[in-house]
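If you want the building blocks of each chain, they are given just below.
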Amino acid sequence: GESVGLHLPTLSVQEGDNSIINCAYSNSASDYFIWYKQESGKGPQFIIDIRSNMDKRQGQRVTVLLNKTVKHLSLQIAATQPGDSAVYFCAENSDYGQNFVFGPGTRLSVLP
Amino acid sequence: EPEVTQTPSHQVTQMGQEVILRCVPISNHLYFYWYRQILGQKVEFLVSFYNNEISEKSEIFDDQFSVERPDGSNFTLKIRSTKLEDSAMYFCASSERGRYTDTQYFGPGTRLTVL
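What counts, and where the lines are drawn
Residues numbered from 1 in each chain as written. Chains lettered and ligands numbered in written order. Predicted model: local features only at pLDDT ≥ 70, side-chain atom pairs only at ≥ 80, totals over all residues. Heavy atoms only, no water. 1 Å grid on protein atoms, 1.4 Å probe; cavity = no way out; pocket = protein on both sides within 12 Å on 5 of 7 lines; lining within 4 Å. Points joined across faces, edges and corners; volume = space filled by probe spheres on them. Helix = DSSP H or I, 4+ residues; strand = E, 2+ residues; numbered from the N terminus. Nonpolar A, V, L, I, M, F, W, Y, C, P; charged D, E, K, R; others polar. Core = buried A, V, L, I, M, F, W, Y, C linked by side-chain atoms within 4.5 Å. Buried < 20%, exposed > 50% of the residue type's maximum accessible area, 1.4 Å probe, protein only. Contact = heavy atoms within 4.5 Å. Pairing = 2+ DSSP bridges. Axes fitted to C-alpha atoms, helices over the stretch in contact; angles between N-to-C directions. Buried area = accessible area lost by both parts, 1.4 Å probe. Salt bridge = Lys/Arg side-chain N within 4 Å of Asp/Glu carboxyl O. Polar contact = N/O pair within 3.5 Å; in protein donor to acceptor, adjacent residues only side chain to side chain. Disulfide = S-S within 2.5 Å.

Provide a residue-level description of the layout of surface pockets, including the pertinent values.
There is about 510 Å³ of room inside the largest pocket. Taken together, 20 residues make up the lining of the largest pocket; nearest its centre are A:P44, A:Q45, B:E1, B:Y105 and B:F106. Going through the elements one at a time, β3 (32-38) and β4 (45-51) of chain A together with β10 (105-106) of chain B are the ones with two or more residues in the lining of the largest pocket. Considering only residue class, the lining of the largest pocket consists of eight nonpolar, seven polar and five charged. Here the second largest pocket defines a volume of roughly 210 Å³. Together, A:K37, A:Q45, A:I47, A:Q60, A:R61, A:V62, A:I77, A:D84 and A:Y88 line the second largest pocket. Taken together, the residues of the lining of the second largest pocket sort by class into four nonpolar, two polar and three charged.

Hey, could you go over the nonpolar core for me, with residue numbers and the actual values?
By size, the foremost hydrophobic cluster in this structure holds 22 residues, and its most contacted members are B:W34, B:L46, B:F61, B:V67, B:F75, B:L77 and B:Y90. Every residue in contact with B:L46, bar those within four places of it in the chain, is listed here: B:W34, B:Y35, B:R36, B:E56, B:K57, B:S58, B:I60, B:F61, B:L77 and B:Y90.

Quick rundown of the sheet that holds strand β1 (residues 5-7) of chain B? Include the residues and the values.
Residues and elements named next belong to chain B. Ordered by their spatial adjacency, four strands build an open sheet running β1-β3-β8-β7, and the pairing between neighbours is antiparallel. The sheet is open, and its two edges are formed by β1 and β7 (65-68), each paired on a single side. With direction set aside, neighbouring strand axes in the sheet form an average angle of 20°.

Tell me about the interface of chain A and chain B, and please be specific about residues and values.
With 27 residues of chain A in contact, the opposing surface of chain B contributes 24 residues. Across the chain A/chain B interface, buried area totals approximately 2100 Å², and carbon plus sulfur atoms make up 55% of it. Per-residue buried area on chain A facing chain B is highest for A:P44, A:Q98 and A:F102; these three make up 32% of the total on that side. At the junction of chain A with chain B, the criterion picks out zero salt bridges. There are six residue pairs in polar contact (both at pLDDT 80 or more) connecting chain A and chain B. Listing elements by their share of the side of chain A that touches chain B, those giving two or more residues are β3, β4 and β8 (86-93) of chain A. Here the residues of the side of chain A that touches chain B are counted per class, giving 10 nonpolar, 11 polar and six charged.

For the sheet that holds strand β2 (residues 19-24) of chain A, give the residues involved together with the corresponding values.
Residue and element names in this part refer to chain A. Pairing is antiparallel in the open sheet, where four strands are placed in the order β2-β7-β6-β5. Unpaired on one side and paired on the other, β2 and β5 (56-58) mark the two borders of the sheet. For this sheet the average axis-to-axis angle between neighbouring strands, irrespective of direction, equals 15°. Across six bridges, strand β6 (residues 62-67) lies against strand β7 (residues 72-77) in antiparallel orientation. Note that in β7 the partner of L66 across the bridge is L73.

Explain the state of the cysteines residue by residue, including any values.
In total, this model carries two disulfides over all chains according to the counting rule given. The disulfide partner of A:C23 is A:C90, and the gap between their sulfur atoms is 1.7 Å. Of this pair, A:C23 sits in strand β2 while A:C90 sits in strand β8; the two residues are 67 residues apart in sequence, bridging distant segments of the chain. Summarising the burial analysis for this pair, A:C23 and A:C90 share the class buried. Note that B:C23 is cross-linked by a disulfide to B:C92, the S-S spacing being 2.0 Å. Where B:C23 bonds to B:C92 through sulfur, the torsion about that S-S bond is close to -65°, and the disulfide is left-handed. One end of the pair, B:C23, is in strand β3 (residues 19-24); the other, B:C92, is in strand β9 (residues 88-95), and 69 residues separate them in sequence. An identical accessibility class is assigned to B:C23 and B:C92; each is buried.

As structure tokens, then:
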């Protein structure tokens, strides 16, 4: 089940390095954001979320940074591993409902 | 670990035909969702469902689409008269509760190809 087409931006990193994946969101009223990981043949998998009253949130090996001034979201993955290879995309919510707006995705490729 | 399952993994149909995509959400979840992803494009929300009713739907979810929970375990998406542009991956998801901050668990998707 591919989720992406042929023109996704790709980030290639060496195993063990840190990865930074970026997302520009569109709605200045958005107040909740999610990063998803999608491996080949699988559905999106929740990684981490952040609300607009925060600018940083950390999980296990992942950190999300939110810059509301420039409407930018980033996902940092520490010590990237081969299992991190996937497509990553952000989603934003502005109306407290279920209608999330998804970003186009970035393909992360981890080189041995 | 409980997971959302979807069948079939790939559905091929002729334009104008009806299709039903099936999902089995996680058993103690109460909120169910359908999304689609046209190849090369973004994931798009279609509909959310709770207590046998649609709770929210997007502009994509027009009269050609319907959802149903026919029994205690299945959640289905029906497209009445498929069009070429309905070709996409369709993902089902479920969450324990319906707050927008509740984690949604996605199934592996059904690839729909309309010829």
